[in-house]
Amino acid sequence: MKQVLSVFLSFFIVFTLNAQVQKTNLRGKILDSDNHILPGASVIIVGTNSGVNANEAGEYLFDYLPAGKITVQASFVGFKTKTVDFEIQPGQNDLNFTFDKEEIKLEAVTVTSQNREQQIIDVPITMKVIDARFMEDNNITQLDQLSEFVPGLQIRMQGADRPSFVIRGLTSDEVSPTAQPRVSVFYNNVPISRTSGAAVELFDMQQIDVLKGPQGTLFGRSAQIGAIHYISKKPTNDFGGFVTAGVGNFNQRELNGAINIPIVKNKLLVRAAGDYDYHDGYIRNTFGGNLNGKNTIAGRFSASYLPSVKDKIDLVVNYQKDDDQGLGFMSMSYPNTEGSKNPFDYVASLEQGKNLGVQRDIFDATLSAKHYVNENNYWTSISSYRKIGAYSRWDGDGTAAAAIDMSEDDGARQFYQEIRYNYSIKNKLNGSIGGSYWNEKASQNYWFSPNDQNMVHLFLNTDYLVTPDGQPYPMTSLPPDPQLGPLGGAPLGTNHQEENNSNAINQALEGFADASYQLTDRLGFTGGVRIISEWFNLTSSAQMTGGDPSTLGFLSGNYPNLFFKISNEKEITESSLAFTWRGGLKYAFNENSSLFAGYSKGRRPKVLQFTSAGEEQILAAETVNSFDLGFKIAVNQRMWFDFGAFYHDYLNFQTSAWVADPSTGEFNYLVKDGGKASAYGAEANFRYAVLKGLQFFGNYAYIHARFADNDVDGVKQEYANNRFRLIPDHSFAFGLNARGEIAKDIYLFGIPSYSYKTRIFFEDANTPGLEQAAYGLLNFRGGIELADQKITLAFWGNNLLNEEYIVSAGNTGSLFGDPTQIPGAPRMFGTTINWKF
């Protein structure tokens, strides 16, 4: 590792020396007609392979220029390209660009996916950006709503602490505190790296970037198959803000807003934002309360300090608290106390009543600093601390019987430090180089309290867990069955409690470099590498914590416990050195269209875990070889279209499965080595501004993700030709945004959208019945806008056709032949009023 660090240090010195601005140069700023800066705008010298992108301040720089005439071109999607003939004089030359106002155009989008400001057409990656305007127009307040507008992305929200992010068929989840996600979730350039903290409130966001395919060189070791980047709004020089209030059915209440204050203009800027979001659960629990509700409060404080023209310091502090009602797991085999097994009655009978719930606290603080050597070369430091606490209690059998009463208590403390240097060498080689350190202390505690008199029905498959009217049917003792030997007739208890406690320390030291080199005026090469040194330590123990020993523990082999075999603390320690890379070519037909092709290697680290019987398991690192081909085009600044095709080849595919094996005492949700697998498909997006005030949008994805028939040794695999879970073969969404003036400064608007997906399985085992057939959702937002007063009154509705669908099936109960399910939300509607100032 010392050799690696010395190599990167040498590069730093070389790049810093090259950053010295030459005496003859051209610099300037890129603005729109309202004098707003346009970071990421592309600036090239026509007829050469010299080109740069405007930085965060909208500034660009060309150095190493000979005196004489040149032609400079500036472009940005959504604006007409500007071309200027310019005479370079010895010394410094200045040339600013101001784009003309376009009445009918697409919204401009800046991305930082390659660690520098660019426009999306310049990035040779299949990606989608959902900006603040689109989120507001389409009433996107939750992550699962957002995923409907991103082809190849599915997000399942099974509680605030257990989101499942699925990109191109690969699901990111974790069943061990050392397990690392496959989809890297970033928040303001900082990795979250823990699923329990990855679902955040989408208030006062600037945009959300979704990148497909392995992004390890850019977004770190957890970005095995993609990355999701939340970017919140930063303070600006303008005083302003907004307030939004709303109500709806299911007792919905929302209140959010933000205020931006330039304390000292161009020197000290602050922004504060907050959010409150509540609604009752849409599932009624006959034992009291509701299920699948929401109760969240969140706040954010941001500050920017500019001590000089070359320095900028940003601070962002976030806090979020969730206190949600419990999850509505319903048995697929047994009725509720009203005698119904129909999940779309939205009635559950879960005996713990209001004891069920999901609580979560998230705090994070990020300090970023930039020092500009010049417009194209600068240092960046990112320091972050994050604390996550999550607790959930659920009814695993989904009935009125006290068979499977469980809870999970997770915690994590994370520290992240990154130092990066962005460079431009002779206006042709643009990139970044740097290193990072990540440290996490994580804990995961499972608590289980079965009532043996109810649980026995699941062990012996009596089919009498509850009566036909949903009432518990306790069995006070084991039946006098000779097959049970001396256990026949043994009494069964009603109170038993046990726990499994896991703790982990996870660390990673990484070095990375990524760059784009313009080979000709149209052809460019992009490549990157990342070297990762990681270390994991996992401890685990199990104990009985209360009540009486479980008689059923004799049957599971874990007596006096039922699930978790009692053990003293055990430990696993693993370390590794890994290497990932990417490379590709991009051909620009002109400033508004490009074709790209690339290869990248993704990797998920080894998984360390203990079984419920206390056995140590280490799974080999999962790897993927990825091939991407894409095309992007903007036509007349009014139409956008992008298309991407991909092929992913997996080795040591890590699949999650419920394992129930009385012969070994194993009853747990574990990661298994699924062997070989592959995925291929295509994705497309389009936007079209037809007229002023009328825009169409849509997307489509086809994803064929399957397990291979045979493993690397030619042996038929357990899941041969099975589909990956949680991903449809086909999905699409489309909508329109219409806005028209009905009186002076009074506008009427309407934004309908429809999303559709084909059948999905909820488990990689593709168990019949644990699936959801094809379905579609119709949503709408519309209202009236008073432009002069900056007031908008809107009405919205989700699932307007009241489609019946399932968001989860299988779960803990499937261990014992009692799978449970959760129905998706029925029709929901409401109204909001928004005031901008």
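See above for the structure.
Summarised in this report is the structure supplied together with it. (Residues numbered from 1 in each chain as written. Predicted model: local features only at pLDDT ≥ 70, side-chain atom pairs only at ≥ 80, totals over all residues. Heavy atoms only, no water.)

**Focus: the pattern of salt bridges**
Argument step 1. Summed over the entire model, instances satisfying the criterion amount to 33 salt bridges.
Argument step 2. Note that Arg-27 and Glu-375 form a salt bridge whose closest N and O atoms lie 2.6 Å from each other. Of this pair, Arg-27 sits in strand β1 (residues 25-31) while Glu-375 sits in the loop between β28 (357-372) and β29 (378-395); the two residues are 348 residues apart in sequence, bridging distant segments of the chain.
Argument step 3. Looking at Arg-27, the relative accessible area reads 17%, which means it is buried.
Argument step 4. The residue Arg-723 makes a salt bridge to Asp-729 at a minimum N-O spacing of 3.6 Å. (Salt bridge = Lys/Arg side-chain N within 4 Å of Asp/Glu carboxyl O. Helix = DSSP H or I, 4+ residues; strand = E, 2+ residues; numbered from the N terminus. Buried < 20%, exposed > 50% of the residue type's maximum accessible area, 1.4 Å probe, protein only.)

**Thoughts on helix α5 (residues 452-460)**
Argument step 1. α5 sits mainly inside the fold: eight of its nine residues count as buried.
Argument step 2. Every buried residue of α5 is accounted for by Asp-452, Gln-453, Asn-454, Met-455, Val-456, His-457, Leu-458 and Phe-459.
Argument step 3. The N-cap residue of α5 is Asn-451: its side-chain oxygen and the backbone nitrogen of Gln-453 are 2.9 Å apart.
Argument step 4. Looking at the residues trailing α5, positive phi occurs at Asn-461, about 55°. (Polar contact = N/O pair within 3.5 Å; in protein donor to acceptor, adjacent residues only side chain to side chain.)

**As for the side chain of Asp-818**
Argument step 1. Looking at where Asp-818 falls in the secondary structure, it is placed in the loop between β50 (806-810) and β51 (820-823).
Argument step 2. For the buried Asp-818, no salt bridge exists, and the shortest N-O distance to an oppositely charged side chain is 9.5 Å, to Lys-341.
Argument step 3. Non-local contacts of Asp-818, meaning those with residues more than four positions away in its chain, are made with Ser-331, Ser-333, Tyr-334, Asp-397, Leu-458, Leu-465 and Gly-813. (Lys, Arg positive; Asp, Glu negative; His and termini not counted. Contact = heavy atoms within 4.5 Å.)

**Comments concerning the sheet that holds strand β12 (residues 153-157)**
Argument step 1. In spatial order, the strands read β12-β13-β14; together these three strands make up an open sheet with antiparallel pairing. Where the open sheet ends on each side, the last strands, each with one partner, are β12 and β14 (170-172). Adjacent strand axes in the sheet meet at a mean angle of 20° when their direction is disregarded. (Pairing = 2+ DSSP bridges. Axes fitted to C-alpha atoms, helices over the stretch in contact; angles between N-to-C directions.)

**Notes on the layout of surface pockets**
Argument step 1. Roughly 680 Å³ of internal volume is contained in the second largest pocket.
Argument step 2. When contributions to the lining of the second largest pocket are tallied by element, the ones reaching two or more residues are β2 (42-45), β3 (51-53), β5 (68-75), β10 (118-119), β32 (496-518), β33 (523-547), β34 (567-590) and β35 (593-604). (1 Å grid on protein atoms, 1.4 Å probe; cavity = no way out; pocket = protein on both sides within 12 Å on 5 of 7 lines; lining within 4 Å. Points joined across faces, edges and corners; volume = space filled by probe spheres on them.)

**Here we look at the pairing of strand β17 (residues 205-212)**
On any regular strand, side chains alternate: one points to one face of the sheet, the next to the other face.
Argument step 1. A large share of β17 lies buried, amounting to seven of its eight residues.
Argument step 2. Here seven bridges tie β17 to strand β18 (residues 226-232), and the two strands are oriented antiparallel to one another. Looking at β18, one finds that Val-210 is bridged to Ile-228.

**Overview of the environment of Ile-505**
Argument step 1. Along the chain, the position of Ile-505 falls in strand β32.
Argument step 2. You can call Ile-505 partly exposed: its relative accessible area is 32%.
Argument step 3. Along the backbone, Ile-505 and Pro-177 are 328 residues apart, and their C-alpha atoms lie at a distance of 8.5 Å.

**Observations concerning a nonpolar patch on the surface**
Argument step 1. The grouping of Met-639, Phe-641, Phe-643, Phe-686, Tyr-688 and Phe-696 at the surface amounts to a nonpolar patch, some 480 Å² of accessible area in total.
Argument step 2. Of all elements in the fold, only β39 (639-651) and β42 (677-691) reach the threshold of two or more residues within the nonpolar patch.
Argument step 3. Tallying contributions element by element places β39 first for the nonpolar patch, with three residues.
Argument step 4. Topologically, Phe-696 is positioned in strand β43 (residues 694-707).
Argument step 5. Taking relative accessible area as the criterion, Phe-696 reaches 32% and is therefore assigned partly exposed. (Patch = residues over 30% accessible without salt bridge, like charges linked within 9 Å, V, L, I, M, F, W, Y side chains within 5 Å. Areas by Shrake-Rupley, 256 points an atom, 1.4 Å probe, with all protein chains shown as cover.)

**A short note on the packing of aromatic side chains**
Argument step 1. Per the stated rule, a full pass over the model turns up 36 aromatic pairs.
Argument step 2. Where Phe-239 meets Phe-837, the ring centres are 6.1 Å apart and the plane angle is 50°; that geometry is what we call tilted. Taken together, the residues Phe-239 in the loop between β18 and β19 (240-248) and Phe-837 in the segment after β52 (828-836) connect sequence positions 598 residues apart.
Argument step 3. We classify Phe-837 as partly exposed; its relative accessible area is 28%.
Argument step 4. Centroid distance Tyr-599 to Phe-627: 5.2 Å. Interplanar angle 50°. Geometry classified as tilted. On the criterion of sequence distance, the pair formed by Tyr-599 in strand β35 and Phe-627 in strand β38 (residues 622-635) is long-range, its members being 28 residues apart.
Argument step 5. Feature note: the residues Phe-448, Phe-459, Phe-563, Phe-564 and Phe-816 constitute an aromatic cluster, connected by ring pairs.
Argument step 6. Over the ring of Phe-653 we find Arg-182; its NZ or CZ atom is 4.9 Å from the centre of that ring. (Phe/Tyr/Trp six-rings, centres within 6.5 Å; stacked < 30°, edge-to-face > 60°. Lys NZ or Arg CZ within 6 Å of the ring centre and 35° of its normal.)

**Some thoughts on the nonpolar core**
Looking at soluble globular proteins, one finds that nonpolar side chains tend to be buried together.
Argument step 1. Membership of the largest hydrophobic core comes to 93 residues, with the highest contact counts inside it found for Leu-146, Phe-165, Ile-228, Tyr-230, Met-455, Phe-563 and Tyr-650.
Argument step 2. Of all hydrophobic cores here, the second largest spans 21 residues; its members include Ile-30, Ile-45, Ala-54 and Tyr-60. (Core = buried A, V, L, I, M, F, W, Y, C linked by side-chain atoms within 4.5 Å.)

**What about the sheet that holds strand β11 (residues 127-131)?**
Argument step 1. Taken together, five strands build an open sheet; the order of strands is β11-β17-β18-β15-β16 and the sheet is mixed. Bordering the open sheet on either side are β11 and β16 (190-191), each of which pairs with just one other strand.
Argument step 2. Bridge analysis of strand β15 (residues 183-187) against β18 gives five bridges, and the strand direction is parallel. Pairing of Val-183 across the sheet is with Gly-226, part of β18.

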